[in-house]
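# Structure assessment
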Amino acid sequence: MLLFFTLGLLIHFVFFASIFDIYFTSPLVHGMTPQFTPLPPPARRLVLFVADGLRADALYELDENGNSRAPFIRNIIMHEGSWGISHTRVPTESRPGHVALIAGFYEDVSAVAKGWKENPVEFDSLFNESKYTWSWGSPDILPMFAKGASGDHVYTYSYDAKREDFGAQDATKLDTWVFDNVKDFFHHARNNQSLFSKINEEKIVFFLHLLGIDTNGHAHRPSSRDYKHNIKKVDDGVKEIVSMFNHFYGNDGKTTFIFTSDHGMTDWGSHGAGHPSETLTPLVTWGAGIKYPQRVSAQQFDDAFLKEWRLENWKRLDVNQADIAPLMTSLIGVPFPLNSVGILPVDYLNNTDLFKAESMFTNAVQILEQFKVKMTQKKEVTLPFLFTPFKLLSDSKQFNILRKARSYIKHRKFDEVVSLCKELIHLALKGLSYYHTYDRFFLGVNVVIGFVGWISYASLLIIKSHSNLIKGVSKEVKKPSHLLPCSFVAIGILVAFFLLIQACPWTYYVYGLLPLPIWYAVLREFQVIQDLVVSVLTYPLSHFVGYLLAFTLGIEVLVLSFFYRYMLTAGLTAFAAWPFLTRLWTRAKMTSLSWTFFSLLLAVFPLMPVVGRKPDISLVMGAGLLVLLLSLCVVTSLMKRKDSFIKEELLVHLLQVLSTVLSMYVVYSTQSSLLRKQGLPLMNQIISWATLASSLVVPLLSSPVLFQRLFSILLSLMSTYLLLSTGYEALFPLVLSCLMFVWINIEQETLQQSGVCCKQKLTSIQFSYNTDITQFRQLYLDDIRRAFFLILIPFVLVMCAFEAVQLTTQLSSKSLFLIVLVISDIMALHFFFLVKDYGSWLDIGTRQLLACTAWLFMYISASPNRLWMLSDPGLDLNLLHAIRACISHYVIVMSMTIFLVFLNGLAQLLTTKKLRLCGKPKSHFM
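Here's what I pulled together on the structure shown here. As the structure is a computational prediction, the values presented were derived from the model and not from experiment. (Residues numbered from 1 in each chain as written. Predicted model: local features only at pLDDT ≥ 70, side-chain atom pairs only at ≥ 80, totals over all residues. Heavy atoms only, no water.)

A few words now on the environment of F305. Along the chain, the position of F305 falls in helix α12 (residues 305-309). According to the relative accessible area criterion, F305 is partly exposed, its value standing at 21%. Those residues in contact with F305 that sit more than four places away from it in its chain are I85, L280 and R316. (Helix = DSSP H or I, 4+ residues; strand = E, 2+ residues; numbered from the N terminus. Buried < 20%, exposed > 50% of the residue type's maximum accessible area, 1.4 Å probe, protein only. Contact = heavy atoms within 4.5 Å.)

Structural data, given as structure tokens:
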């Protein structure tokens, strides 16, 4: 069995890693030829302002007095330049947003493994193609563009990372630092001939990254006075910088200014997902090469923003965020970034129609180059008879479109050129996606075959070793045929040879060959499969279909609960009705009513609001007081039983009560300190870490008697959970614990009802690590229900209760764990088909996959599982987005399978081991 679990863990790690080769490889290609417009550009220099975290509505709307928060920018819109909304893509984070703005491509999805902080491969950018770039701002953003630049022409000036403190009293200082340093830079340039000559060159870029708005939004929310005041500060700073540039360059009319944002922000101060408040950012451009404001009488958009912002008479030009990169390159005449997928917004250009047509043609050729390189790479590593080209953009069609575009330019049909080039761009982008996902089907089929094989083998092991479903199986050991292993060896050689001649990476060998030993193990159990079929055929058809439908429905409810939290409510409501659908109601009315009451009470939590609510510390304090009251009742009850409750155990309970009181104090004092903007007190940090460290040790000092040990575990974990709570979620573990205690009792009743064994007295049961294996019984269909209960809420408190259920129902933990393994693998296979490599964090994945692992470790041990976490508004919203994402669904289910092995060991440690403060061990039998 140990070998089985070891191999199972290894196989699951392979399945876990497979999504990175299937869904999250880098789409970027290299080897393209730089493309630039062969006409003189309108500007010699470009100034890019990026106000990090600035929402479009926050900039464009008027305040309650009818005044603009950014009067200078609004004056630009009305009198000097063009404006619109830049539609960002998700994940709406600083790094992906800046990559789209400056490099012209949307997030390299392989960066998911690095938390969107650093690109795993090199990429080209506007800064790299410029002659010189000077940048000022955050140390988190600037270095990544300097790192990938060729040569020594990208200069960065950053403040210390410690300045980026969300709890800082005045985050506008981050922006003031940038404006002041730019002014000092130009003042210094007047006295430095070398620098002066550089900044008077053409094809140069100045980049000002302004982080204050984002910092104030996180700390105080976008509706706050701090956020709105920061916008005014930025507007004033931009006005001063523009005036300085015009004065320094003598108003030569060769400077282009672009003001935009990398992403927006939700009303509750977060970003990362795809809400309009996060994806709609401002874009204001003016200066050399930019159209002047265009007055219009009417505009057609699907929103009502123009009227709300009172800008309905000024033409609005919306773009996608990646389109800004080709706009900037065409304005200063540098080559388009090699990996850019942006489409030049020609409506922003104030230039000749010939310039627009040539720029659009260059844009199309640049994207087509990426398609050609990607196709060539794939063609070189694929057997000729297996290669299927992208039919919508054949070589002949490419030639015809380019030839026709050149003919249109020659005959001055510039509008036709723009339309034709846009068509070519869209086809090339589709082709890029086609070749990028070329191997996805092959890899996916191999992983699915392995998945199904593993589920089949685990199911056969359950049936063979832990059930009496096939009582008529012959005990005669048949000599295995040599044909089966020889066939699998031959297939393995063919698969390896097929991968070798195509120069596939080593991971392809793993995915291609792994299903073979798994299915070999399955087919070796042919006799079990045969007997299973015979047994199923003798089973009543109606019963079989009923159980199959119930099992399928349970799986689907678990899957849907990852997408719709109210499905948890539906599932718990069904649990509440369970005793009334059986004979339990007639045998144990009080227990059945308790089960129903606490199940329905627990079902309320998934319906509670997730975000957008202010912390309510009074609920946390109330939960703490209820814990203290419950502790007093339990301790008073146990003290009446003098033989079972000694002074040492009383001391342990008093320590846990004290820990709860300290946790309540830390929560209250921390909230007060943060409201006064005084930060987190050092003493609170010490108490919090000490509470966390002791939460898994103190229960080992308590009695191993079943209910006493479970109550001790509850007290320890509750102290830690209070520290993680900010509102109603603090009440969750109390309700859950009550339900778990009822669960243990109700399972006793089900045993008596089924006639499996005589009912044991729970007060006489102790946790024992070395349970006599002869006491274990075989699995029944009803045990699948117990496994479903564990899958629904798999964290320490429930696992400990699960250990108690196994003990009281005389059931091997290994057999139930195998059922859990099969159910979770079926769920993982379900999610495997739902993984996406596009969309928001809600659709893609986590800030980093390590966050999922850390989340599982940190929160499962002391707080609700991945489903109940969705009802906890006190946790970081980006983590909330992560755990609801499709990739995270797969990651969590796979991690849950792996983690349950360790969680089971932790639960056994907490329930069976006993530490002594002093003296000899005592007997606790009653």
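Below, the discussion takes up the side chain of S702. Its location among the elements puts S702 in the loop between α28 (682-694) and α29 (706-723). Judged by its relative accessible area of 2%, S702 falls in the buried class. A distance of 3.4 Å separates polar atoms of two side chains, one belonging to S702 and the other to S712. S702 has contacts with V652, Q708, R709, S712 and K914, leaving out every residue within four places of it along the chain. (Polar contact = N/O pair within 3.5 Å; in protein donor to acceptor, adjacent residues only side chain to side chain.)

This next bit is on the pattern of salt bridges. All told, the structure shown has twelve salt bridges when counted by the stated rule. Between K131 and E201 there is a salt bridge, and its shortest N-O distance comes to 3.0 Å. Here the residue K131 occupies a position in the loop between α5 (126-129) and β3 (132-137), and E201 occupies one in the loop between α8 (193-198) and β5 (204-210), the gap between them amounting to 70 residues. Given a relative accessible area of 26%, E201 falls into the partly exposed group. Its salt-bridge partner being D439, residue K378 comes within 2.9 Å of it at the nearest N-O pair. (Salt bridge = Lys/Arg side-chain N within 4 Å of Asp/Glu carboxyl O.)

A word on the packing of aromatic side chains. Per the stated rule, a full pass over the model turns up 47 aromatic pairs. Judged by centre distance (6.5 Å) and plane angle (80°), the ring pair of F186 and Y249 falls under edge-to-face. Taken together, the positions of F186 in helix α7 (residues 172-189) and Y249 in the loop between α10 (225-248) and β6 (255-260) put the pair 63 residues apart, joining distant regions of the chain. When sorted by exposure, F186 lands in the same class as Y249, which is buried. Consider the rings of F371 and Y435, whose centres lie 5.8 Å apart with planes at 50°: the pair is tilted. Here Y435 lies in helix α16 (residues 414-436) and F371 lies in helix α14 (residues 353-380), a separation of 64 residues in the sequence. Using a relative accessible area of 0% as the deciding quantity, one classes F371 as buried. Note on Y435: relative accessible area 1%, which makes it buried. The positively charged end of R45 is found above the aromatic ring belonging to Y249, 3.6 Å away from the centroid. Its guanidinium or amino end placed over the ring of W314, R295 lies 4.4 Å from that ring's centre, counting from NZ or CZ. (Phe/Tyr/Trp six-rings, centres within 6.5 Å; stacked < 30°, edge-to-face > 60°. Lys NZ or Arg CZ within 6 Å of the ring centre and 35° of its normal.)

The next point concerns the sheet that holds strand β2 (residues 82-87). Taken in spatial order, the eight strands make up an open sheet running β4-β3-β5-β1-β6-β7-β2-β8, and their pairing is mixed. A strand with exactly one partner marks an edge of an open sheet, and here the two such strands are β4 (154-158) and β8 (319-320). Summarising the sheet, β2 and strand β7 (residues 280-287) pair through six bridges and their orientation is antiparallel. Across the sheet, the residue bridging to G84 is L283, located in β7. Relative to the sheet, helix α3 (residues 71-79) contacts β2, β6 and β7, its axis offset from that of β7 by approximately 65°. (Pairing = 2+ DSSP bridges. Axes fitted to C-alpha atoms, helices over the stretch in contact; angles between N-to-C directions.)

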